[in-house]
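Examination of the molecular architecture
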Amino acid sequence: QVHVVESGGGLVQAGESLTLSCAASGSIFSINAMAWYRQAPGKQREAVASISSGGNTNYADSVKGRFTISRDNAKNTAYLQMNSLKPEDTAVYYCYADVFVGMGTYEYRYWGQGTQVTVSS
């Protein structure tokens, strides 16, 4: 019914930049929050950045000042611009969208399958 797909991951050197995309599609009436999480090997999944439907943003302390989350509501897409990347940013990055499938319906959280980001030193 609703699908979320991340893209844009890859291999970069420390200090370089990368931008991830998160596209939601399907039976979407509206989207509330969208957010990015990441999970490194052997670690818990952690919140990276979130953005509300009104554009309010929140960031983890570890990425504040380096990463920027944004969204294009016409495309049902969120982005994560990552600057000054560090090896410790290496992880699988996941996106979710909190979706209303119709007026008066419950809000459901849909997750994508993730995209790999690897930062070499």
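For the structure itself, consult the block above.
Turning to the overall build of the protein, a few remarks are in order. A count of helical and extended segments in the protein gives 0 helices and 11 strands. Moving toward the C terminus, one meets the helices and strands of the protein in the order β-β-β-β-β-β-β-β-β-β-β. In terms of C-alpha radius of gyration, the protein reaches 14 Å, essentially the compact-globule figure of 14 Å for 121 residues. Reported as C-alpha extents along the three principal axes, the dimensions of the protein are approximately 50 × 25 × 25 Å. Put simply, the protein has 121 residues, and 36% of those count as buried. If you take every contact in the protein between residues at least 6 apart in sequence, the share linking residues at least 24 apart comes to 57%. Per element, the accessible surface of the protein, about 6500 Å² overall, is 47% carbon and sulfur.

This part covers the packing of aromatic side chains. Per the stated rule, a full pass over the model turns up 3 aromatic pairs. On the basis of an interplanar angle of 40° and a centroid distance of 5.9 Å, the ring pair of Tyr 37 and Tyr 96 is categorised as tilted. Here the residue Tyr 37 occupies a position in strand E4 (residues 30-39), and Tyr 96 occupies one in strand E9 (residues 91-100), the gap between them amounting to 59 residues. Here Tyr 37 and Trp 111 contribute two aromatic rings whose centre-to-centre distance is 5.3 Å and whose plane-to-plane angle is 75°, an arrangement assigned as edge-to-face. Of this pair, Tyr 37 sits in strand E4 while Trp 111 sits in strand E10 (residues 107-111), and the two are 74 residues apart along the sequence. We classify Trp 111 as partly exposed; its relative accessible area is 33%. Taken together, the aromatic side chains of Tyr 37, Tyr 96 and Trp 111 make up a single cluster linked through ring pairs. Over the ring of Tyr 94 we find Arg 45, and its NZ or CZ is 3.7 Å from the ring centre. Lying over the aromatic face of Trp 111, Arg 45 brings its terminal NZ or CZ to 4.9 Å of the ring centre.

Bringing the side chain of Thr 115 into the picture now. Along the chain, the position of Thr 115 falls in strand E11 (residues 115-120). Note on Thr 115: relative accessible area 10%, which makes it buried. Of the polar contacts made by the side chain of Thr 115, one reaches the backbone nitrogen of Gly 9; its length is 3.2 Å. Once residues lying within four places of it in the same chain are set aside, the contact partners of Thr 115 are Glu 6, Ser 7, Gly 8, Gly 9, Leu 20, Ala 91, Val 92 and Tyr 93.

Looking now at the sheet that holds strand E7 (residues 67-72). Strand order across the open sheet formed by 4 strands is E1-E3-E8-E7, with antiparallel pairing between neighbours. Two strands bound the open sheet, and with one partner strand each, they are strand E1 (2-7) and E7. Recorded for the sheet is a direction-independent mean angle of 15° between the axes of neighbouring strands. Of the pairings in the sheet, the one linking E7 to strand E8 (residues 77-82) comprises 6 bridges and is antiparallel in character. From the neighbouring strand, Asp 72 faces E8, where its bridge partner is Thr 77.

What follows concerns the nonpolar core. Judged by nonpolar contacts, the single largest core of 30 residues is most densely connected at Trp 36, Leu 80, Met 82 and Tyr 93. For this core, the secondary-structure elements that each account for two or more residues are E1, strand E3 (18-26), E4, strand E5 (46-51), E7, E8, E9 and E11. With 5 residues, the top contributor of residues to this core is E9. Residues contacting Tyr 93, with those up to four places away along its chain left out, are Glu 6, Leu 20, Trp 36, Tyr 37, Arg 38, Val 48, Phe 67, Leu 80, Met 82, Gly 114, Thr 115 and Val 117.

This part covers the pairing of E7. Residue alternation in E7 divides its side chains into a buried set, Phe 67, Ile 69 and Arg 71, and an unburied set, Thr 68, Ser 70 and Asp 72. In sequence, E7 turns back onto E8 through a hairpin of 4 residues, with Asn 76 there showing a positive phi of about 50°.

Calculation notes
- Residues numbered from 1 in each chain as written.
- Predicted model: local features only at pLDDT ≥ 70, side-chain atom pairs only at ≥ 80, totals over all residues.
- Heavy atoms only, no water.
- Helix = DSSP H or I, 4+ residues; strand = E, 2+ residues; numbered from the N terminus.
- Rg over C-alpha atoms; globule rule 2.2 N^0.38 Å.
- Buried < 20%, exposed > 50% of the residue type's maximum accessible area, 1.4 Å probe, protein only.
- Contact = heavy atoms within 4.5 Å.
- Areas by Shrake-Rupley, 256 points an atom, 1.4 Å probe, with all protein chains shown as cover.
- Phe/Tyr/Trp six-rings, centres within 6.5 Å; stacked < 30°, edge-to-face > 60°.
- Lys NZ or Arg CZ within 6 Å of the ring centre and 35° of its normal.
- Polar contact = N/O pair within 3.5 Å; in protein donor to acceptor, adjacent residues only side chain to side chain.
- Pairing = 2+ DSSP bridges.
- Axes fitted to C-alpha atoms, helices over the stretch in contact; angles between N-to-C directions.
- Core = buried A, V, L, I, M, F, W, Y, C linked by side-chain atoms within 4.5 Å.

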